[in-house]
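Understanding the architecture of this molecule
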There are 2 protein chains.
Amino acid sequence: VSFTFGCPAKDIVANLARRGSRVVVTVTSAAEAVLAAEAGADALCVQGAEAGGHRGTFDNPARPDDMGLLPLLRTVIATVDTPLIAAGGLSHGNDIAAVLVAGARAAQLGTIFLACPESGAHKLHKEALTDPAYPGTAVTRAFTGRPARGLVNRFVLDHSEAAPAAYPHVRHVTRDIIRAAAQAGDTAAMFLLAGQAHRFAREQPAAQLVRSLAEQARAALNQAIHRWPTG
Amino acid sequence: VSFTFGCPAKDIVANLARRGSRVVVTVTSAAEAVLAAEAGADALCVQGAEAGGHRGTFDNPARPDDMGLLPLLRTVIATVDTPLIAAGGLSHGNDIAAVLVAGARAAQLGTIFLACPESGAHKLHKEALTDPAYPGTAVTRAFTGRPARGLVNRFVLDHSEAAPAAYPHVRHVTRDIIRAAAQAGDTAAMFLLAGQAHRFAREQPAAQLVRSLAEQARAALNQAIHRWPTG
């Protein structure tokens, strides 16, 4: 069972453990990692600022931290002993190998799977990931009231500054607009969640993607050990 | 010879090469990497948004990109063939090993050396790197008119929003204020450049730091290859 947007109480984690579940909590800072470790989480998903979709921050009104995955991993490793899953901006097996070497025990990839046929993302959302008209991403509260990273479209540019830290209230306000935009095929007002490596998302079966990620990761480790022999 | 804040013209790079110099250009995006590769740079310093100090962006008025080091490396690798030096938020040998595995040929570390006795940083700047009163960093134009990452102090909070993209003009305006603050021992108005992994900077001789980074990097590769054997 995996949590985000906060940390479950100790007794909830213990209850899940008694029923045979492993509990993962998403964290975006060392302070959140301490809370999750104290609650008894089996592993932490360490979400770097590169990640697409909502930031998993516990405290929504706070300004979301912009710490990148590598320094965030380093900070969390220095703070807790819990096994870590690295997430945010990863799109290639070399990236997976990199975060394992950095100290994570696993890697979690999202955006790169968005264009797979198995993904339920809107066709226009899938296409926008590699559209040169959408070269960049930003973190915005404009769609839901919680910081989320997505492609920079007109909606993000027009409404980010005014968007309050009110989740899920803002989501209720924007839902119909976003739906209407999708029906009209207007990507400028759609909610185009995407991490920073979105341009590498390709339409291919998820199983095939997983296989090539694993092969790339092995090859990257192999190449590194040959190039820099550790003796 | 290493450049930042822009790319030298092709004939300048060729001139340096004729005189036996290797030329490095700092880049913060794939577009800048293309320009630098076309100019004939021998290597590119790929500066992730995690980096302390000034962003090396070619176009100062543009909003600086916030791409983290791993997705930026991936994007630049997919764009040019030039060897890459990875920079930004690296503070441990494991981070160095990670960026080598990700595809860089070398790593560049700055902030972690700031607290070394060989560093010319102000004593209060060195101390602030690990001061719990300064837990976070931000990118600001408040000190010089160019985006630079430093510890979030009162000066950053008060002046970031109004600071124009005017470099070095803003630097001339703030220089005396910053100097006076340093003389008064007032870190709230000092220019406390720092990357996102600043909290790991420790006072130790630079040579000793380099040795332990190298040992950590080798150990990290070794551990990864044992934990995930590549066969």
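Residues numbered from 1 in each chain as written. Chains lettered and ligands numbered in written order. Predicted model: local features only at pLDDT ≥ 70, side-chain atom pairs only at ≥ 80, totals over all residues. Heavy atoms only, no water.

**Quick look at the overall build of chain A**
Note the cut-off: Strands are runs of DSSP state E lasting at least two residues, helices are runs of H or I lasting at least four, and both sets are numbered from the N terminus onward. Atoms considered for the radius of gyration are the C-alpha atoms alone. The globule rule reads 2.2 Å times the number of residues to the power 0.38. Residue contacts are counted whenever heavy atoms from the two residues lie within 4.5 Å of one another. Asp and Glu count as negative and Lys and Arg as positive, but His and the ends of the chain are not part of the count. By convention, the charge on Lys lies at NZ, on Arg at CZ, on Asp at CG and on Glu at CD.
Helices and strands together make up the secondary structure of chain A, namely eight helices and eight strands. Radius of gyration (C-alpha) of chain A: 19 Å, near the 17 Å computed for a compact globule of 231 residues. Here the C-alpha coordinates of chain A stretch approximately 60 × 45 × 30 Å along the principal axes. Of the contacts formed within chain A by residues at least 6 apart in sequence, a portion of 60% connects residues at least 24 apart. The centroid of the 22 positive side-chain charges in chain A is displaced by 4 Å from the centroid of its 19 negative side-chain charges.

**Remarks on the pairing of strand E8 (residues 148-151) of chain A**
Taken residue by residue, a regular strand's side chains alternate between the two faces of the sheet. All names here are of chain A. Rules: Pairing between two strands is assigned when DSSP locates at least 2 bridges connecting them.
Two elements, strand E4 (residues 53-54) and E8, share two bridges in a ladder whose sense is antiparallel. By the bridge assignment, Gly-53 is partnered in E8 with Arg-149. Relative to E8, strand E7 (residues 137-140) runs antiparallel, the two sharing four bridges. Residue Ala-138 lies in a different strand from E8, and its bridge partner there is Gly-150.

**Describing the state of the cysteines**
The following threshold applies: Disulfides are defined as pairs of cysteine sulfur atoms found within 2.5 Å of each other.
Taken as a whole and judged by the stated rule, the model has zero disulfides over all chains. Sulfur of Cys-7 of chain A: no disulfide; nearest cysteine sulfur belongs to Cys-45 of chain A and is 13 Å away.

**Describing the side chain of His-198 of chain A**
With respect to the element layout, His-198 of chain A can be found in the loop between helix H7 (169-184) and helix H8 (206-227). Filtering out sequence-adjacent residues up to four positions away, His-198 of chain A remains in contact with Thr-111, Leu-129, Thr-130, Tyr-134, Pro-135, Gly-136, Thr-137 and Leu-151 of chain A.

**Some remarks on the pattern of salt bridges**
Put simply, the rule reads: One speaks of a salt bridge when a side-chain nitrogen belonging to Lys or Arg is within 4 Å of a carboxyl oxygen belonging to Asp or Glu. Burial classes follow relative accessibility: with a 1.4 Å probe on protein chains only, a residue under 20% of its type's maximum area counts as buried, one over 50% as exposed, and anything between as partly exposed.
Under the defined criterion, the tally for this structure stands at eight salt bridges over all chains. Between Asp-176 of chain A and Arg-179 of chain A there is a salt bridge, and its shortest N-O distance comes to 3.8 Å. Placement of the pair is Asp-176 of chain A and Arg-179 of chain A together in helix H7, with a separation of three residues, close to one helical turn. Residue Asp-176 of chain A is classed as exposed on the basis of its relative accessible area, which comes to 53%. Here Arg-179 of chain A falls in the partly exposed class, since its relative accessible area comes to 45%. Salt-bridge contacts for Glu-127 of chain B lead to Lys-123 of chain B; the nearest nitrogen and oxygen are separated by 2.7 Å. Remark: Lys-123 of chain B and Glu-127 of chain B occur in helix H5 (residues 123-128); sequence separation between them is four residues, near one turn of the helix. On the basis of relative accessible area, Glu-127 of chain B is assigned to the partly exposed category, the value being 41%. Residue classification places Lys-123 of chain B among the exposed residues on the basis of a relative accessible area of 57%.

**Examining the sheet that holds strand E4 (residues 53-54) of chain B**
The three strands are arranged E4-E8-E7 (chain B) in an open sheet whose pairing can be described as antiparallel. One side of each edge strand has no neighbouring strand; the edge strands of this open sheet are E4 and strand E7 (137-140) of chain B.

**Focus: the relation of the copies chain B and chain A**
Put simply, the rule is: Least squares is the method used to superpose the copies, on C-alpha atoms of residues holding a pLDDT of at least 70 in both.
Aligned on chain A, chain B shows an RMSD of 0.0 Å; the corresponding rotation is 180° and the shift along the axis is 0.0 Å. In the structure described here, the two chain copies are related by an operation that fits a two-fold rotation axis. Taking the C-alpha atom as reference, chain B places Ala-98 of chain B closest to the rotation axis, 2.1 Å from it. Mapped onto chain A, 100% of the interface residues of chain B again fall at the interface, so both copies present the same surface.

**Remarks on the interface of chain B and chain A**
Defined as follows: Values labelled buried area give the accessible surface lost by two parts on being combined, using a 1.4 Å probe and summing over both. Within 3.5 Å is the distance limit for a polar contact, defined as a pair of N or O atoms, with the added protein rule that one can donate a hydrogen and the other accept it, and that residues adjacent in sequence qualify only through two side-chain atoms.
On the side of chain A, 42 residues touch chain B, which itself brings 42 residues to the contact. Buried area between chain B and chain A, summed over both chains or domains, comes out near 3,700 Å², and the portion from carbon and sulfur atoms is 60%. Across the contact surface, chain B and chain A share four salt bridges. Between Arg-74 of chain A and Asp-95 of chain B there is a salt bridge, with the nearest N and O atoms lying 2.9 Å from each other. Scanning the region where chain B abuts chain A turns up eight residue pairs in polar contact (both at pLDDT 80 or more). Among the secondary structure elements, those contributing two or more residues to the side of chain B that touches chain A are helix H3 (69-77), helix H4 (93-102), E7 and helix H8 (206-227) of chain B. The element that contributes the greatest number of residues to the side of chain B that touches chain A is H4 of chain B, accounting for eight residues.

**Description of the nonpolar core**
Burial of nonpolar side chains together is a common tendency in soluble globular proteins. Condition: Definition used in this section: a nonpolar core is a set of buried Ala, Val, Leu, Ile, Met, Phe, Trp, Tyr and Cys residues joined via side-chain atoms within 4.5 Å.
One finds Leu-44 and Leu-73 of chain A together with Leu-44 and Leu-73 of chain B to be the most contacted residues of the largest nonpolar core, which totals 126 residues. The element contributing the most residues to this core is H8 of chain B, with eight residues. Among residues more than four places away in sequence, those in contact with Leu-44 of chain B are Val-24, Val-25, Val-27, Ala-33, Ala-36, Ala-37, Val-76, Val-80, Thr-82, Pro-83, Leu-84 and Ile-85 of chain B.

**Details of H7 of chain A**
All names here are of chain A. Put simply, the rule reads: Under the convention used throughout, the expected extent of a helix is 1.5 Å for every residue step, that is, one less than its residue count. The bend reported for a residue corresponds to the angle between axes fitted to the seven residues ending at that residue and the seven starting there.
Along its 16 residues, H7 runs 24 Å from first to last C-alpha, staying within 8% of the 22 Å computed at 1.5 Å per residue. Its maximal kink placed at Arg-175, H7 deviates by approximately 40°. Considered for burial, the residues of H7 that qualify are Val-170, Thr-174, Ile-178, Ala-181 and Ala-182. Buried-residue contacts for H7 involve helix H5 (123-128) and helix H6 (154-159). Once H7 ends, the next one or two residues include Gly-185, with phi positive near 70°.

**Some words on the packing of aromatic side chains**
Residue and element names in this part refer to chain A. Here is the rule: Any Phe, Tyr or Trp ring, taking Trp's six-membered ring, that has another such ring centre within 6.5 Å forms a pair; planes under 30 degrees apart are called stacked, those over 60 apart edge-to-face, and the others tilted. Either the NZ atom of lysine or the CZ atom of arginine qualifies as a charge over a ring when it sits within 6 Å of the ring centre and within 35 degrees of the ring normal.
Counting across every chain of the model gives six aromatic pairs over all chains. Plain terms: the ring middles of Phe-143 and Phe-155 are 4.7 Å apart, the flat faces sit at 15° to each other, and that makes the pair stacked. Residue Phe-143 is found in the loop between E7 and E8, and its partner Phe-155 is found in helix H6; the two are separated by 12 residues along the sequence. In this pair, the class of Phe-143 matches that of Phe-155, namely buried. Of note, Arg-146 hangs over the ring of Phe-5, and the distance from its end group to the ring centre comes to 3.9 Å.

**Let's talk about the layout of surface pockets**
Our working rule: Using a 1 Å grid laid over the protein atoms alone, points where a 1.4 Å probe fits but cannot get out form a cavity; open sets with protein on both sides within 12 Å along at least 5 of 7 lines form a pocket; any residue with an atom within 4 Å of a point counts as lining. Grid points are joined across faces, edges and corners, and a volume is the space filled by probe spheres set on the points. Each residue is assigned to one class: nonpolar for Ala, Val, Leu, Ile, Met, Phe, Trp, Tyr, Cys and Pro, charged for Asp, Glu, Lys and Arg, and polar for all the others, Gly among them.
Roughly 1,700 Å³ of internal volume is contained in the largest pocket. Around the largest pocket, the lining comprises 44 residues; the ones closest to its centre are Arg-63, Asp-66 and Val-139 of chain A together with Arg-63 and Val-139 of chain B. Those elements that place two or more of their residues in the lining of the largest pocket are E7 and H6 of chain A together with E7 and helix H6 (154-159) of chain B. For the lining of the largest pocket, the element with the highest residue contribution is E7 of chain A, accounting for four residues. For the lining of the largest pocket, the per-class residue count stands at 18 nonpolar, nine polar and 17 charged. Breaking the lining of the second largest pocket down by element, the ones donating at least two residues are helix H2 (30-38) and H3 of chain B. Ranked by residue count, the leading element in the lining of the second largest pocket is H2 of chain B, at four residues. Taken together, the residues that form the lining of the second largest pocket break down as 10 nonpolar, eight polar and six charged.

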